[in-house]
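Listed here are the chains, written in short residue letters.
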Amino acid sequence: MFNKRIKIKELLTADKVNFDATVMGWVRTFRNNQFIALNDGSTNNNLQIVTGLGVFDEKILKRLTTGACIKVTGEIIASLGKGQKVELKAATIEILGDSDAEKFPLQPKKHSLEFLREIAHLRFRTNTFSAIFRVRHSLAFAVHKFFNDKGFVYLHTPIITASDAEGAGEMFRVTTLPLDGSALKNEDGSINYKDDFFGRSTNLTVSGQLEGELAAMAFSDIYTFGPTFRAENSNTTRHLAEFWMIEPEVAFNDLEDNMNLAEEFIRYIIKYAMEQNKEDLEFLAQRLTEEENQKPLVERSEMSLLDKLNFVVNNDFERLTYTEAIEILRESNHNKKKKFNYLIDGWGVDLQSEHERYLVEKHFKKPVILTNYPKDIKSFYMRLNDDGKTVAAMDILAPGIGEIVGGSQREERLDKLTQRMSEMHIPEEELNWYLDTRRFGACPHAGFGLGFERLVQFVTGMGNIRDVIPFPRYPKSAEF
Ligand code: 4AD
Ligand code: MG
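Residues numbered from 1 in each chain as written. Chains lettered and ligands numbered in written order. Predicted model: local features only at pLDDT ≥ 70, side-chain atom pairs only at ≥ 80, totals over all residues. Heavy atoms only, no water.

Q: Would you explain the sheet that holds strand β3 (residues 47–50) in this entry?
A: Sheet strands associate in pairs through backbone hydrogen bonding, adopting either a parallel or an antiparallel arrangement. Strand order around the closed barrel formed by five strands is β1-β2-β3-β5-β4, with mixed pairing between neighbours. Direction aside, neighbouring strands of the sheet carry axes that sit 55° apart on average. Here strand β2 (residues 35–39) pairs with β3 via four bridges, running antiparallel. From the neighbouring strand, Leu38 faces β3, where its bridge partner is Leu47. (Pairing = 2+ DSSP bridges. Helix = DSSP H or I, 4+ residues; strand = E, 2+ residues; numbered from the N terminus. Axes fitted to C-alpha atoms, helices over the stretch in contact; angles between N-to-C directions.)

Right, here's the structure in full:
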């Protein structure tokens, strides 16, 4: 069998030596015409392979360039050199794929994250990105494990939809109609979708929530975990046009249950990654410390990455209402000294990220859950509170990231829901299927959406969301 290989991680952590092994991977470096550092992506630690002087043909040795893919067999022996416990004494070397050293863009040196973004197809082969994507994997796995262990049903909601779940109008159109102006038009000049693939206007989904609610009204507890799309023109370090979202939806939960679930969930998945990816997170923490040390003292964060993660795992989040938050912000020295770009002077305004960050990073210094927002700045499906002006919404804000979760208790009362829809100009005919859940056996229920990439950012300490998804999509960029 060709692929009778042992993964490098397994070899480096085994406590035995003097046995034969086959390894395959990519050459990171080849020095002194003797020592190959080989990596196969199972760990950032390379396996040292010793070729022995005069054992191999010069022709083969010349092809052991950075980036080349090789298969090596030989004996695993205790290493005499510093830096590794074991090494492989090569008996055979086979070049599986050459790599022209002159042209291979990744040199054994530090490259900037910006440069690596331009070669995202190769950046997996750097230590930073292999660590990030192994952590991302663990977090994704933990999402499923958490909900599976709790008896939730994983629901696959559609990617193509005809409804705007958030009512924010930030959707990408899906159509097979010609773009040259020849598509059929209505009398008023608008496009007639009769001939379009679905016979109606459709979009990429912004959220699986509405469909999730339908299933929660049968299974009680469901979650979605899939790609979502937003055509918002936000060129920030926290926005993507295509991102992954986890959306649990739970029958019989109220806002408080919802917050408890979200906190437990976030703690669980972070803890899972800390256990599974200790080395990778230590590596990323070190990277972040080096990056922070380049900054002026006042801008450096007080905690290291691992301290920050431990803190989140071991401490309750701060919970307060929107109204209380506005009071804190209005009375803050920051506001009085006009340091906010958007000054807070009254109730009802939407919070900007500078306000969220002030609350989380300066005032409370821990994750914060804000609840009961004014109804006018939130979506139509959120449950109206008895005061008639706020809704049972919750946003979780994380240090360095801002909003990481958005959720709410849902409006289960048909009359209140349809009234909100008409106030917000959402036609009932379009959401008749959604309203049916309120007609047939409605119950209190709640859910939330966690932006997966924002969570990966938080856990890996990466400053830019484009560096925690393999192939980021953002305005004017859909490379690869
Ligand atoms: O707050 P949002 O818009 O809430 C919803 O979509 C609800 N339907 C969720 C629910 O209740 N089931 O989005 C949820 C989260 C945000 O808190 C944020 O973490 C993330 O999704 N998010 C984005 N992440 C990356 N890029 C973007 N453009 C994002 N927009 C939202
Ligand atoms: Mg939100």
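The rest of the description comes next.
Q: Which parts of the structure should I look at to understand the nonpolar core?
A: Inside soluble globular proteins, nonpolar side chains tend to come together where they are buried. The biggest cluster of nonpolar side chains holds 64 residues, and the ones touching the most others in it are Ile270 and Leu455. Excluding its chain neighbours within four sequence positions, the residues that come into contact with Ile270 are Leu139, Leu309, Val312, Val313, Leu455, Phe458 and Val459. One finds Leu351, Phe380, Tyr381 and Leu417 within the second-largest nonpolar core, a separate group that totals 31 residues. (Core = buried A, V, L, I, M, F, W, Y, C linked by side-chain atoms within 4.5 Å. Buried < 20%, exposed > 50% of the residue type's maximum accessible area, 1.4 Å probe, protein only. Contact = heavy atoms within 4.5 Å.)

Q: Explain the sheet that holds strand β12 (residues 318–321) to me, please; I cannot follow it from the model alone.
A: Spatial strand order, β6-β10-β11-β16-β15-β14-β13-β12: eight strands in an open sheet with mixed pairing. The sheet terminates laterally at β6 (153–154) and β12, the two strands that pair on one side only. Here strand β11 (residues 242–251) runs beside strand β16 (residues 445–451); their pairing, made up of five bridges, is antiparallel. The partner of Glu249 across the bridge, within β16, is Gly447. Packing against the sheet, helix α4 (residues 127–149) makes contact with β6, β10 (221–229) and β11, and its axis sits at approximately 150° to β10.

Q: What should I look at first to understand empty space enclosed by the protein in this one?
A: Summary: where empty space remains is shown by rolling a probe the size of a single water molecule over the atoms. All chains considered together, the criterion is met by two cavities of 30 Å³ or more. Of the pockets and cavities examined, the largest cavity occupies roughly 60 Å³. In terms of lining residues, the largest cavity is bounded by Ile266, Ile270, Val312, Phe317, Pro367, Ile396, Ala398, Ile404, Leu455 and Phe458. Contributing elements (two or more residues each) for the lining of the largest cavity: α6 (255–276), β14 (390–398) and α14 (452–460). Tallied by class, residues from the lining of the largest cavity come to ten nonpolar, no polar and no charged. What the second largest cavity holds in volume is close to 30 Å³. Lining the second largest cavity we find Arg230, Glu232, Ser234, His239, Leu240, Ala241, Tyr474 and Pro475. Here the lining of the second largest cavity is composed, by residue class, of four nonpolar, two polar and two charged. (1 Å grid on protein atoms, 1.4 Å probe; cavity = no way out; pocket = protein on both sides within 12 Å on 5 of 7 lines; lining within 4 Å. Points joined across faces, edges and corners; volume = space filled by probe spheres on them. Nonpolar A, V, L, I, M, F, W, Y, C, P; charged D, E, K, R; others polar.)

Q: I'm lost on the packing of helix α7 (residues 278–293) against helix α8 (residues 305–314) in this one. Help?
A: When two helices pack together, you describe them by how their axes are tilted relative to each other and by the distance separating the axes. Contact pair α7 / α8: the axes reach a minimum separation of 8 Å and the direction vectors enclose 120°. Classed by the angle they form, the pair α7 and α8 counts as oblique. Across the interface between the two elements, Leu281, Glu282, Leu284, Ala285 and Leu288 from α7 touch Leu305, Leu306 and Leu309 from α8. Looking at the contact of α7 with α8 residue by residue, the classes come out as seven nonpolar, no polar and one charged. (Parallel < 35°, antiparallel > 145°, perpendicular 65-115°, else oblique.)

Q: Please explain the packing of aromatic side chains as it appears in this structure.
A: Two aromatic rings, taken as a pair, are described by how far apart their centres are and by the angle between their planes. Tallied over the entire structure, the rule returns 22 aromatic pairs. Ring geometry for Phe124 against Phe133: centres 5.4 Å apart, planes inclined by 65°, an arrangement best described as edge-to-face. What links up through ring pairs into an aromatic cluster is the set Phe146, Phe147, Phe152, Tyr154, Tyr223, Phe265, Tyr268 and Phe448. Sitting above the plane of the Phe458 ring, Lys308 keeps its charged end 4.3 Å from the centroid. In this structure, Lys389 is placed above the aromatic ring of Trp347, and the distance from its NZ or CZ to the ring centre is 4.6 Å. (Phe/Tyr/Trp six-rings, centres within 6.5 Å; stacked < 30°, edge-to-face > 60°. Lys NZ or Arg CZ within 6 Å of the ring centre and 35° of its normal.)

Q: In this structure, what is going on with the site of ligand 1? I would like to understand it.
A: Of all residues adjacent to ligand 1, which total 24 residues, the nearest are Glu166, Gln209, Glu232, Glu247 and Glu403. A distance of 2.7 Å is found between a nitrogen atom of ligand 1 and a side-chain nitrogen or oxygen belonging to Gln209. With respect to ligand 1, the backbone of Val405 contributes an N or O atom lying 3.5 Å from an oxygen atom. If you list the elements that add at least two residues to the shell around ligand 1, you get β11, β15 (402–409) and β16. Element by element, the count of residues in the shell around ligand 1 is highest for β15, at five residues. (Near = heavy atom within 4 Å. Polar contact = N/O pair within 3.5 Å; in protein donor to acceptor, adjacent residues only side chain to side chain.)

Q: Would you mind going over the environment of Asp195 with me for this structure?
A: Looking at the element boundaries, Asp195 is found in the loop between β8 (173–174) and β9 (202–204). Along the sequence, Asp195 and Lys366 sit 171 residues apart, while their C-alpha atoms lie 53 Å from each other. If near-sequence neighbours (up to four positions away) are discounted, Asp195 is found in contact with Leu177 and Leu184.

Q: Explain the pattern of salt bridges to me, please; I cannot follow it from the model alone.
A: Where charged atoms of side chains with opposite charge meet at close range, the side chains can pair. Inspection of the entire model under this criterion finds 30 salt bridges. Asp467 is the salt-bridge partner of Arg123, the closest N and O atoms lying 3.2 Å from each other. A residue pair is termed long-range when its members are at least 10 positions apart, and Arg123 in the loop between α3 (113–118) and α4 and Asp467 in the segment after α14 qualify at 344 residues. Note on Arg123: relative accessible area 0%, which makes it buried. Accessibility expressed as a relative area gives 0% for Asp467, which makes it buried. Of the charged contacts in the structure, one is a salt bridge between Arg287 and Glu291, with a shortest N-O distance of 3.0 Å. Of the two residues, Arg287 and Glu291 both sit in helix α7, four residues apart, roughly one turn of that helix. Ionic contacts of the salt-bridge type, sharing partners, join the residues Glu213, Glu249, Arg410 and Arg438 into one network. (Salt bridge = Lys/Arg side-chain N within 4 Å of Asp/Glu carboxyl O.)

Q: Can you help me understand a nonpolar patch on the surface in this one?
A: Taken together, Ile159, Ile160, Phe197 and Phe198 make up a surface patch of nonpolar side chains, about 380 Å² in accessible area. As for its position among the elements, Phe197 is in the loop between β8 and β9. Residue class for Phe197 comes out exposed when judged on its relative accessible area of 60%. (Patch = residues over 30% accessible without salt bridge, like charges linked within 9 Å, V, L, I, M, F, W, Y side chains within 5 Å. Areas by Shrake-Rupley, 256 points an atom, 1.4 Å probe, with all protein chains shown as cover.)

Q: Explain the packing of α6 against α8 to me, please; I cannot follow it from the model alone.
A: Direction vectors running N to C along α6 and α8 enclose 140°, while the axes themselves pass 9 Å from each other. Here α6 is positioned oblique relative to α8, judged by the angle of their axes. As for how α6 packs across α8, the hand of that crossing is left-handed. Between α6, through Arg267, Ile270, Lys271 and Met274, and α8, the contact on the second element is made entirely by Leu306, Leu309, Asn310, Val312 and Val313. (Left-handed = near helix turned anticlockwise from the far one by under 90°.)

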